Amino acid sequence: MENATTAPSAVTLKNVERAARNLKHVIYKTPLLQNHGLSRTYEATVLLKREDLQVVRSYKIRGAYHKMSTLPPIIGEREIVCASAGNHAQGVAYACQLLGLKGYIFMPAQTPAQKVDKVRLFGKEYVEVVLTGASFDDSFRSAKAFSDERGSTFIHPFDDLAIVEGQATVGLEILKAATVPIDYCFMPIGGGGLASGVASVFRLLSPATRLVGVQPLGAPSMHNAIQNNQHAALASIDSFVDGAAVKCPGQLTYELCRELLDEVVLVPEGQVCLDLLKMYNEEGIVLEPAGTLTISALHQFANRIQGKTVVCVVSGSNNDITRMEDIKERAAKYQGLKHYFMVNFNQAPGALRRFVNNVLREGDDIIHFQYIKKNNKEKGPVFVGIEVTQPHDVEAIKARMGEEGFSFEYLNGQPDFLALLV
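Since this is a predicted model, take the numbers as computed values, not measurements. (Residues numbered from 1 in each chain as written. Predicted model: local features only at pLDDT ≥ 70, side-chain atom pairs only at ≥ 80, totals over all residues. Heavy atoms only, no water.)

Draft legend 1. Expanded view of the pattern of salt bridges. Counted by the stated rule, this structure contains 22 salt bridges. E404 is the salt-bridge partner of R354, the closest N and O atoms lying 3.4 Å from each other. You can see R354 sitting in helix 14 (residues 351-359) and its partner E404 sitting in the loop between helix 15 (393-403) and strand 14 (407-410), a full 50 residues away along the chain. Classification of E404 as partly exposed rests on a relative accessible area of 26%. Put simply, R203, R210, D262, E263 and R304 are held in one network by salt bridges that share partners. (Salt bridge = Lys/Arg side-chain N within 4 Å of Asp/Glu carboxyl O. Helix = DSSP H or I, 4+ residues; strand = E, 2+ residues; numbered from the N terminus. Buried < 20%, exposed > 50% of the residue type's maximum accessible area, 1.4 Å probe, protein only.)

Draft legend 2. Here's a closer look at unusual backbone geometry. In the Ramachandran plot, R57 falls in the positive-phi region, its phi being about 65 degrees despite a non-glycine side chain. Tracing the backbone shows R57 in the loop between strand 2 (45-50) and helix 3 (60-69). Backbone geometry places K124, a non-glycine residue, at a positive phi of 50 degrees. Following the sequence through the fold, K124 ends up in the loop between helix 5 (113-123) and strand 5 (127-131). What makes K124 partly exposed here is its relative accessible area of 47%.

Draft legend 3. Here's a closer look at the sheet that holds strand 2. Taken in spatial order, the 6 strands line up as 1-2-10-7-8-9 in an open sheet, and their pairing is mixed. Each end of this open sheet is capped by a strand with a single partner; those strands are strand 1 (32-34) and strand 9 (263-267). With direction set aside, neighbouring strand axes in the sheet form an average angle of 25 degrees. Note that strand 7 (residues 184-188) and strand 8 (residues 210-216) share 5 bridges and pair parallel. By the bridge assignment, P188 is partnered in strand 8 with V214. (Pairing = 2+ DSSP bridges. Axes fitted to C-alpha atoms, helices over the stretch in contact; angles between N-to-C directions.)

Draft legend 4. Structural context of the environment of R323. Considering the arrangement of structural elements, one finds R323 in the loop between strand 10 (309-314) and helix 13 (324-335). Between the C-alpha atoms of R323 and P112, which are 211 residues apart in sequence, the distance is 8.4 Å. If we skip the residues at most four places from it in the chain, R323 touches P112, F240, D242 and P289. A polar contact of 3.3 Å, which involves the side chain of R323, links it to the side chain of D242. (Contact = heavy atoms within 4.5 Å. Polar contact = N/O pair within 3.5 Å; in protein donor to acceptor, adjacent residues only side chain to side chain.)

Draft legend 5. Summary view of the nonpolar core. Counting residues in hydrophobic clusters, the biggest one holds 34 residues, and the most contacted among them are L48, F186, L298 and I305. A per-element tally of this core places helix 11 (residues 269-283) first, with 5 residues. In this structure F186 touches V212, V214, T294, A297, L298, F301, V310, V311, C312 and V313, once residues within four positions along its chain are discounted. Grouped together as the second largest cluster of nonpolar side chains are 32 residues, V16, V170, M187 and I226 included. (Core = buried A, V, L, I, M, F, W, Y, C linked by side-chain atoms within 4.5 Å.)

Draft legend 6. Broad picture of the packing of aromatic side chains. In this structure the tally under the stated criterion is 14 aromatic pairs. Centroid distance Y94 to F122: 5.8 Å. Interplanar angle 65 degrees. Geometry classified as edge-to-face. In this pair, Y94 sits in helix 4 (residues 87-99) while F122 sits in helix 5, placing the two residues 28 residues apart along the sequence. Here Y94 matches F122 in class, with each residue buried. Relative to F408, the ring of F341 has its centre 5.7 Å away and its plane inclined at 80 degrees; by these criteria the two rings are edge-to-face. Highlighted residues: F341 in strand 11 (residues 338-346) and F408 in strand 14, separated in sequence by 67 residues. An aromatic cluster of at least three residues, connected via ring pairs, comprises F345, F355, F369 and F406. (Phe/Tyr/Trp six-rings, centres within 6.5 Å; stacked < 30°, edge-to-face > 60°.)

Right, here's the structure in full:
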């Protein structure tokens, strides 16, 4: 994609500045802080736009409040409806409380309890949470049908000009806070509202900045749409990075991102988990997976950003503590340190001892051991999890299992099956 010198006429600096004034007493003007650890790692000046410190712990309040507060006066007599995987829900809920509007918040059935509780906290008596559907898209359809049936006002999470203008205030704050020209700006993308808004402002005020959108590998909706030059929905997605797991980008946001972004890159979910844990353990910064996307993208740009000034928009910190074990598990598997097998054990005495003594080596650790069935007198399949100290150690384990006569199936490449067993 070629660098554009102006944003599409849909997003104007005048309207973004109007949104900033509208939000002045509602949001925090979040800091743009240099992260010294990342700066050392990449030999660059890495600045984090800390929207994880926002009043609802994500940037979503910007678009939600700006949209809702600029609706016609008659809106005060109606209901507000939205669909969200979490952060937009909190923004709408808080806006409902501030504006005194009744709201119905539709969220996927598996939404972490922490996010649901926060929606109720921010919305107080003004909102009702409706948990429905397996994904954001399912909840979106239910919310839209509910809204249409009741004549309510639907607040779209991203595909709305007022929403985009509200999110664009993030870009305005970055450029006002920056003391030197910005060479790269990395923005997470789910439906595209944040990237559309920030990119619009940068193209108007800092056209030389290279603008990079970032999506999770398992939910590449905007990436694929731009690559294929076609606005279309994905058949399926990995919903792990729930704040960015959207099957179909917005029509408006697709057009903006296609025109304004220099590129959209994909980050493996395992890399996101690694960086999320690193930011927590080494920096004391608590992020959600979607909030970690832009930091994870830096790995792919290590050679290109040396000596450059780089901004990563850290979009949110609404992470459920109960997800940490899953995050650790995904990080270890991505590093090649955890491996799972279905092993056929001969039922003869001493088989387990032979496995432990002859197959494993010092440093190899059995983290899971479970008989699956015992209806065969000759052999018994066993689900075994092994943690190693170096990724290449697993090949030696496979070889020794073969030498000792243990037939096995390696399960790391079968995530659905593995998820059922673990």
